[in-house]
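# Structure assessment
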Amino acid sequence: MAGAERERRKMTLPPALPLATLIGRELRAGGSERPALRYGHAGFAKRGEDYFLVKPDCLRVPGDPSTAFSVFAVFDGHNGVSAAVFSKEHLLEHVMSALPPDIGSREDWLQALPRALVAGFVKADIDFQRKGEVSGTTATLVVVDGFTVTVASVGDSRCILDTQGGELQLLTVDHRLEENVEERERVTASGGEVGRLNLFGGQEVGPLRCWPGGLCLSRSIGDMDVGEYIVPVPHVKQVKLSSVGGRLIMASDGIWDALSNEAAAKSCRGLPAELAAKLVVKQALKKCGLKDDTTCVVVDIIPSDHHLTSPQLSPKRNQNKLKSLLFRRRSHSSVGKFGGKSASIGSVEELFEEGSAMLEERLGRNLSLKAASPPSRCAICQVDQEPFEGLMEENGGSHCSSPYAPWGGPYLCLECRKKKDAMEGKRPSCSTACR
Ligand SMILES: [Zn+2]
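What you see is a predicted model; the values in this text were computed from it and never measured.

## Concerning helix α12 (residues 414-423)
Of all ten residues in α12, nine are buried, a share of seventy percent or more. One or two positions beyond α12, positive phi appears at G425, with a value near 75 degrees.

Shown next as structure tokens:
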């Protein structure tokens, strides 16, 4: 490049780093990038069908503490405990095994996580259904890595984020037929019947349910006795908190039936996480009496230079205003449907959100990862298989000699292909023959 040209560019191009980024770095320079976590849980479950998971010390790279992340989850079971217990024990391992093994940077790992969550949830569902048990469960799995929070959820165990400025963000979607029109339409389009319980005399009672089975949820893990359009494909949302941190409150529906998001958040502001969880449950019980499914996990993400106090204790309002202005910047790693939008609410940066039940949309896009899987490894169950061999052995003589039409997604083994088609209502006549 000629010297004059270089000079001209220097004059006209914006500086490589925006001022806000530079000031942001200055602000963070005093403390470490990684926040401290404080957490607590509380709950009652009359029938004992609620489970939760707290795993604060996971490592992305074995033996390297700088790659630490934490996982929290709530499982609200129905028709027995086995699906909730199974999910508590195996869901995380299925998600982790769906991440490319030699993934390099933290950034790549976080970018691959939404897709791995989808594969892991579906794999857990397939594995559990193999056991032939009828129970089902909601699952809300939260991965906290630094200030980045990724939430995957099926069912109605909601997770909210309370930022220090007092702004609330819902990180999940309630997969309830009664309230979720989109899900109702999806279930009906896939061949399910949606209606209320019919008493003798034709009187309709209770919330909208899906028939056969009578489940009020449109997504879950397990539930092999209901239609396969009740799918395990999670809504996934990934956000990055500003360096002031925030509080996550995740809980089963007994809490949310009694308390609004605002009421739950407000009831425990200023208290440390352990007490906060207890207080949320107490408030819910006070409002509705002893009910099932009131499990609550509270996680505080606290800037490490403030870790001796709860972030909820020191509002520092003016500083917040300044910081929220500084941290409303575009994401450079957006991968999701709304990635380009970078919708900031308060000082929270939205990195990814996708809730479609179609696996093609969840597994088939954003394959720009450096560490790609082998071409014949199933993107859901991670089993290596020769495509031709799989077709011959598994499909020969079966009732549903599926056309195995090409699809827009990555390679799936035959079993996972069948599962995908069934979830989309594409094999209504042989759903039992192929199980
Ligand atoms: Zn598979």
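After that view, the rundown keeps rolling.
## Notes on the sheet that holds strand β14 (residues 294-302)
Spatial strand order, β1-β14-β13-β7-β8: five strands in an open sheet with antiparallel pairing. Two strands in the sheet have a free side with no partner beyond their single neighbour: β1 (36-44) and β8 (168-170). When strand polarity is set aside, the average angle formed by the axes of neighbouring strands in this sheet is 15 degrees. The pairing of strand β13 (residues 246-251) with β14 spans six bridges and is classified as antiparallel. Bridge pairing in β14 links M250 to V297. Along the sheet, helix α7 (residues 261-268) makes contact with β7 (159-163), β8, β13 and β14, crossing β8 at roughly 130 degrees.

## So, the packing of helix α3 (residues 82-97) against helix α4 (residues 106-130)
For any two helices packed against each other, the geometry comes down to the angle between their axes and how far apart the axes lie. At a minimum axis separation of 9 Å, α3 and α4 run at an interaxial angle of 140 degrees. Taken as axis vectors, α3 and α4 run oblique relative to one another. The handedness of the crossing between α3 and α4 is right-handed. Touching A83, F86, S87, H90, L91, H94 and V95 of α3 are A116, L117, G120, F121, K123, A124, D127 and F128, all from α4. The residue inventory of the contact of α3 with α4, partitioned by class, reads nine nonpolar, four polar and two charged.

## Details of the environment of A152
Looking at the element boundaries, A152 is found in strand β6 (residues 148-154). Using a count of 28 C-beta atoms within 10 Å as the deciding quantity, one classes A152 as buried. Distance from A152 to V236, taken between C-alpha atoms, is 4.4 Å for residues 84 residues apart in sequence. With residues near it in sequence (within four places) discarded, A152 still touches L117, F121, L141, P234 and V236.

## Quick word on the environment of V231
Tracing the backbone through its elements, the reader meets V231 in the loop between β11 (221-222) and β12 (235-240). V231 sits 126 residues away from A357 along the chain, and the two C-alpha atoms are 7.3 Å apart. The contacts of V231, once residues within four sequence positions are left out, are R219, A357 and M423.

## Description of unusual backbone geometry
A negative phi holds for most residues other than glycine; trans holds for most peptide bonds. A cis amide bond links W211 with the next residue in sequence, P212, at an omega value of 5 degrees. Of note, P212 is situated in the loop between β10 (204-211) and β11. Positive phi, close to 55 degrees, is recorded for D223, a residue that is not glycine. Inspection of the secondary structure puts D223 in the loop between β11 and β12. In this model, Q382 sits at a positive phi of 65 degrees, which is unusual for a non-glycine residue. Since 18 C-beta atoms lie within 10 Å of it, Q382 is described here as partly exposed.

Criteria and cut-off values
Residues numbered from 1 in each chain as written. Predicted model: local features only at pLDDT ≥ 70, side-chain atom pairs only at ≥ 80, totals over all residues. Buried ≥ 20, exposed ≤ 12 C-beta atoms within 10 Å, placed from the backbone. Helix = DSSP H or I, 4+ residues; strand = E, 2+ residues; numbered from the N terminus. Pairing = 2+ DSSP bridges. Axes fitted to C-alpha atoms, helices over the stretch in contact; angles between N-to-C directions. Contact = placed C-beta atoms within 7 Å. Parallel < 35°, antiparallel > 145°, perpendicular 65-115°, else oblique. Left-handed = near helix turned anticlockwise from the far one by under 90°. Nonpolar A, V, L, I, M, F, W, Y, C, P; charged D, E, K, R; others polar.

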